[in-house]
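Next come the chains, spelled out residue by residue.
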Amino acid sequence: MTQPGQAVVIGGGIGGLTAAVALHQRGLRVTVLERAPSLEPVGAAISLAPNSLRALDAIGLGDEIRDLAAWSGDGGLRAPSGRWLSRSSAEAAAERFGGPLVLLPRATLIASLASRLPPGTIRTDAAATLADSGGTDRPARVSTHGRVLEADLVVGADGIRSAVRKALFPAHPGAVYSGFTTWRIVIPVPGAEFASHETWGRGRIWGTHPLKDGRVYAYAAAVTPAGGHAPDERAELLSRFGDWHHPIPAVLAAARPEDVLRHDVHHITAPLPAYHHGRVALLGDAAHAMPPTLGQGGNLAIEDAIVLAHHRCDLPAYTAARLPRTTAVARRAVRVARLNLMTNRAAIAVRDTAMATLSKAGPALFLRGFDDIADWRPPRADAVCSEQTPAGNR
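Residues numbered from 1 in each chain as written. Predicted model: local features only at pLDDT ≥ 70, side-chain atom pairs only at ≥ 80, totals over all residues. Heavy atoms only, no water.

Asks: What exactly am I supposed to notice about the packing of helix α1 (residues 14-25) against helix α10 (residues 297-310) here?
Replies: Two packed helices can be described by the angle between their axes and the distance between those axes. Direction vectors running N to C along α1 and α10 enclose 25°, while the axes themselves pass 8 Å from each other. One element, α1, and the other, α10, form an angle in the roughly parallel class. Both α1 and α10 take part in a crossing whose hand is right-handed. Of the residues in α10, those in contact with I14, G15, T18, A19, A22 and L23 of α1 are A301, I302, A305, I306 and A309. Grouping the amino acids of the contact of α1 with α10 by side-chain chemistry returns nine nonpolar, two polar and no charged. (Axes fitted to C-alpha atoms, helices over the stretch in contact; angles between N-to-C directions. Helix = DSSP H or I, 4+ residues; strand = E, 2+ residues; numbered from the N terminus. Parallel < 35°, antiparallel > 145°, perpendicular 65-115°, else oblique. Left-handed = near helix turned anticlockwise from the far one by under 90°. Contact = heavy atoms within 4.5 Å. Nonpolar A, V, L, I, M, F, W, Y, C, P; charged D, E, K, R; others polar.)

Right, here's the structure in full:
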């Protein structure tokens, strides 16, 4: 074969849909299998850094998403009292990394990606099982609703509890609880004027950011045992953050209990031995789930998708390109989580003083945390498939 002609993507999230678009643009016949009844994403918003926006350029979507940038003026890190620990701006970020940071609803990105696929490509309410990972002498096989689909390439984009990952690497321990839970809200907050910020307290984080559509995206995190849920999550947030600085009380006053999403955070501590096996490749959380403390989970999934499309006929090259980078970013995200979710009062005082001092001496800590991450660029020349290099083998 001159190239893998049929691709099956298991999972219709951001990474899976990006892969589907990239593979479709390279001439593959793509089927996306999403187990949920619709593509309505779990989660409220996503922050896209210049690295993932450059990846989206490869499928012609980057500029459309950049136009949704809303962050302008000052922003940075604050203490619960409202004191600024570190300041920066959209202009400083764009200058440092060669592009803007864009915050947008996940649903907007999902819709933009889905619109670039032919009708019938995406099948919802379609739980899928990897029946055979394939090899040089046979295609991979995926079962769904009693049918078996054969594919030259299967993409496992089925998230943090990936069944595809488990099938490929049954001895891998999978994801573990990160030690904290998160809440997310996207709502209108009339009359609330504020600078975009993230606030670090004692074992707690809050962030408030404007969206271009006029709504506000807020998120929170707190160190807490796994599996906890409150009867009223808005009331839970009030008890934990209600006395923090403006605009946090205003956001909570505008929110309804049903506006609040809560999810425990899990991450993969032991890197996988590879991101592929046979004719199957993993991407995103299925491959390298990490805490959201760098905001890079979705960004790296988009990167993965573009690089996978580039190396669609040579999956070992895909692993070689992605595993070192994603492992390094995941480890950094774990370190940042330990820093910004400290619970020791003395250590917090030292941390806050150090952040304020360092920020006076150079770029804001927020920006320095993206060094060697946001400057990533996708492969330039597309790989050429041949009969000697079928998917997954070389």
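Asks: Would you mind going over the side chain of H267 with me for this structure?
Replies: With respect to the secondary-structure elements, H267 resides in strand β16 (residues 261-268). Excluding residues within four positions of it along the chain, H267 makes contact with I160, A175, V176, Y177, S178, A289, M290, P291 and V334.

Asks: Mind showing me how you'd approach the sheet that holds strand β5 (residues 84-89) here?
Replies: Taken in spatial order, the seven strands make up an open sheet running β5-β4-β13-β14-β15-β12-β16, and their pairing is mixed. Looking at which strands have only one partner, the edges of the open sheet turn out to be β5 and β16. Averaged over all pairs of adjacent strands, the angle between their axes in this sheet comes to 20°, without regard to strand direction. By the bridge criterion, seven bridges tie strand β12 (residues 175-187) to β16 in an arrangement that is antiparallel. The partner of V176 across the bridge, within β16, is H267. This element, helix α11 (residues 315-340), spans β12, β13 (196-200), β14 (204-210) and β16 of the sheet and lies at about 70° to β13. (Pairing = 2+ DSSP bridges.)

Asks: In this structure, what is going on with the pairing of strand β11 (residues 153-156)? I would like to understand it.
Replies: Side-chain direction in a regular strand flips from residue to residue, so the side chains alternate between the two faces of the sheet. The two faces of β11 match: L153 and V155 on one face and V154 and G156 on the other face are all buried. Here strand β1 (residues 6-10) pairs with β11 via four bridges, running parallel. When the sheet's bridge partners are listed, I10 is paired in β11 with G156. Bridge count between β11 and strand β18 (residues 280-282): three bridges; the pairing is parallel. Bridge assignment links V154 to a residue of β18, and that residue is V280. (Buried < 20%, exposed > 50% of the residue type's maximum accessible area, 1.4 Å probe, protein only.)

Asks: Explain the packing of aromatic side chains here, please?
Replies: To describe a pair of aromatic rings, you give the distance between the ring centres and the angle between the ring planes. Enumeration over the complete set of coordinates arrives at three aromatic pairs. Ring geometry for Y217 versus Y219: centroids 5.6 Å apart, planes at 45°, classification tilted. An identical accessibility class is assigned to Y217 and Y219; each is buried. Look at F241 and W244: their rings are 4.9 Å apart centre to centre, the planes differ by 80°, and that puts the pair in the edge-to-face class. The exposure class of F241 is buried, given its relative accessible area of 0%. The class for W244 is buried, based on a relative accessible area of 6%. Counting every residue linked through ring pairs, the aromatic cluster contains W206, F241 and W244. Positioned over the ring face of W84 is R78, at 4.4 Å from the centre of the ring. Above the plane of the ring of F241 lies R204, whose end atom (NZ or CZ) is 5.9 Å from the centre. (Phe/Tyr/Trp six-rings, centres within 6.5 Å; stacked < 30°, edge-to-face > 60°. Lys NZ or Arg CZ within 6 Å of the ring centre and 35° of its normal.)

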